[in-house]
Amino acid sequence: VGTGDNGWGNKELQSYSDQNTTVSNGFLFIEARSEGSNNYSSSRIITRDKQSFQYGRVDIRALLPKGQGIWPALWMLGSNFSSVGWPRCGEIDIMELVGGGEGKDDVVHGTVHWEQDGQRALFGGDYQLPTGIFNDEFHVFSIIWTENAIRWLVDDIEYHVINTSPAELDEFRNSFFFIFNVAVGGDWPGSPDGSTEFPQMMVVDYVRVFQPN
């Protein structure tokens, strides 16, 4: 809970609260709300110290929010985050959407971040729906993560892959925990405008992790 001063930021505008998350009828709801005077609230859910994973296939079925300044994400950080910090811990963004109308509300991004030569490095790809937007219906966002590669899929269609076998990508041979959030504003999406409707919700149906024995 809290604001960007609590250790995240990107110049986001929301304050995270436990009041913006509910579970009902088997669905998880994360709701971004306008609180007036350019103030916004939302939620950020983490599994740190509760559940972490190393390798396997992750499937997350979710319905995404939309609109200028809306930034939902389903992602992971290395379990050693508290000891080594970011980006040395590594980051796997299973899905990010940067809302804002045509060419945005129908596009999701899959990215990894890591430390290389003392600097942040990143590598990402994106997927655009052939018709409609991600707010129209549920979709399944997936990664297939092995010792040597991470692959990104939407509805079982692969759209991006990275070879993680080089030594400088050893972050991705550690365990990771989940983070689900809906940010409002920030460096990437920009601020909401008159076209943005509130509240906006990300609805998660399930999270399934398949791992080898």
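Note that the coordinates shown come from a computational prediction; the quantities given were computed from them, not determined experimentally.

K.L.:
Provide a residue-level description of the environment of Glu96, including the pertinent values.
P.N.:
Structurally, Glu96 is set in strand S9 (residues 91-96). Residue classification places Glu96 among the buried positions, given a relative accessible area of 8%. Excluding residues that lie within four positions of it along the chain, Glu96 makes contacts with Trp71, Pro72, Ala73, Val107, Val108, His109, Thr111 and Trp188. There is a polar contact of 3.1 Å between the side chain of Glu96 and the side chain of Trp71.

K.L.:
Please set out the side chain of Asn181 residue by residue, giving values where relevant.
P.N.:
Note that Asn181 resides in strand S15 (residues 176-184). By relative accessible area, which is 5% here, Asn181 ends up buried. Side chain to side chain, Asn181 and Trp75 meet in a polar contact 2.7 Å long. Apart from the residues within four sequence positions on either side, Asn181 is in contact with Tyr16, Ile30, Ser43, Arg44, Trp71, Pro72, Ala73, Trp75 and Met202.

K.L.:
Give a detailed account of the nonpolar core, specifying residues and quantitative values.
P.N.:
Membership of the largest hydrophobic core comes to 41 residues, with the highest contact counts inside it found for Ile92 and Phe141. Considering every element that reaches this core, the biggest residue donor is S15, with five residues. If near-sequence neighbours (up to four positions away) are discounted, Phe141 is found in contact with Val58, Asp59, Ile60, Ala62, Leu64, Leu74, Ile94, Met95, Val108, Phe134, Leu153 and Val154.

K.L.:
Could you give me a rundown of the packing of aromatic side chains, with the residues and numbers involved?
P.N.:
This structure, assessed with the given rule, holds 12 aromatic pairs. Ring centres of Tyr55 and Trp145 lie 5.5 Å apart, and the angle between their planes is 80°; this geometry places the pair in the edge-to-face category. Linking Tyr55 in the loop between strand S6 (52-53) and strand S7 (56-63) with Trp145 in strand S12 (residues 139-145), this pair joins segments that are 90 residues apart in sequence. Aromatic pair Phe134 and Phe141: ring centres 5.7 Å apart, planes at 45°, arrangement tilted. Given the relative accessible area of 0%, Phe134 is considered buried. Relative accessible area serves as the criterion here: at 1%, Phe141 is assigned to the buried category.

K.L.:
Which residues make up the environment of Gly56, and what values do they have?
P.N.:
By the secondary structure assignment, Gly56 is in strand S7. Sequence separation between Gly56 and Ile150 is 94 residues, and the spatial gap between their C-alpha atoms is 9.7 Å. Other than its neighbours up to four places away in sequence, Gly56 contacts Ile143, Ile144, Trp145, Phe210 and Gln211.

K.L.:
Kindly report on the pattern of salt bridges, identifying the contributing residues and their values.
P.N.:
Within the structure shown, the criterion is met by seven salt bridges. Across the pair Arg33 and Glu31 runs a salt bridge, and its minimum N-O distance is 3.4 Å. In this structure, Arg57 engages Asp156 in a salt bridge whose closest nitrogen and oxygen atoms are separated by 2.8 Å. Of this pair, Arg57 sits in strand S7 while Asp156 sits in the loop between strand S13 (149-154) and strand S14 (157-163), and the two are 99 residues apart along the sequence. In this structure Arg57 comes out as partly exposed when scored by relative accessible area, which is 23%. On the basis of relative accessibility, which here comes to 53%, the residue Asp156 falls in the exposed class.

What counts, and where the lines are drawn
- Along each chain, the written sequence defines residue order, and numbers are assigned to residues from 1.
- This being a predicted model, a pLDDT of at least 70 is required before a residue's local features are given, and a value of 80 or more before pairs of side-chain atoms are given or counted; all residues contribute to the totals for chains, interfaces and linings.
- With hydrogens and water excluded, all non-hydrogen atoms of the structure serve as input to the side-chain values.
- Strands here are runs of E lasting at least two residues and helices are runs of H or I lasting at least four, both read from the DSSP assignment and numbered beginning at the N terminus.
- Whether a residue is buried, partly exposed or exposed follows from its accessible area with a 1.4 Å probe, protein chains only, as a fraction of its type maximum: under 20%, in between, or over 50%, in that order.
- Any two residues having at least one pair of non-hydrogen atoms within 4.5 Å are treated as being in contact.
- Any N or O atom pair separated by 3.5 Å or less is treated as a polar contact, with the protein-specific requirement of one donor-capable and one acceptor-capable atom, and with residues adjacent in sequence counted only for side-chain atom pairs.
- We define a nonpolar core as any set of buried Ala, Val, Leu, Ile, Met, Phe, Trp, Tyr and Cys residues linked to one another through side-chain atoms lying within 4.5 Å.
- Here a pair means two rings of Phe, Tyr or Trp (six-membered ring of Trp) with centres within 6.5 Å. Their orientation is stacked below 30 degrees between planes, edge-to-face above 60, and tilted elsewhere.
- When a carboxyl oxygen of Asp or Glu lies within 4 Å of a side-chain nitrogen of Lys or Arg, that pair is called a salt bridge.

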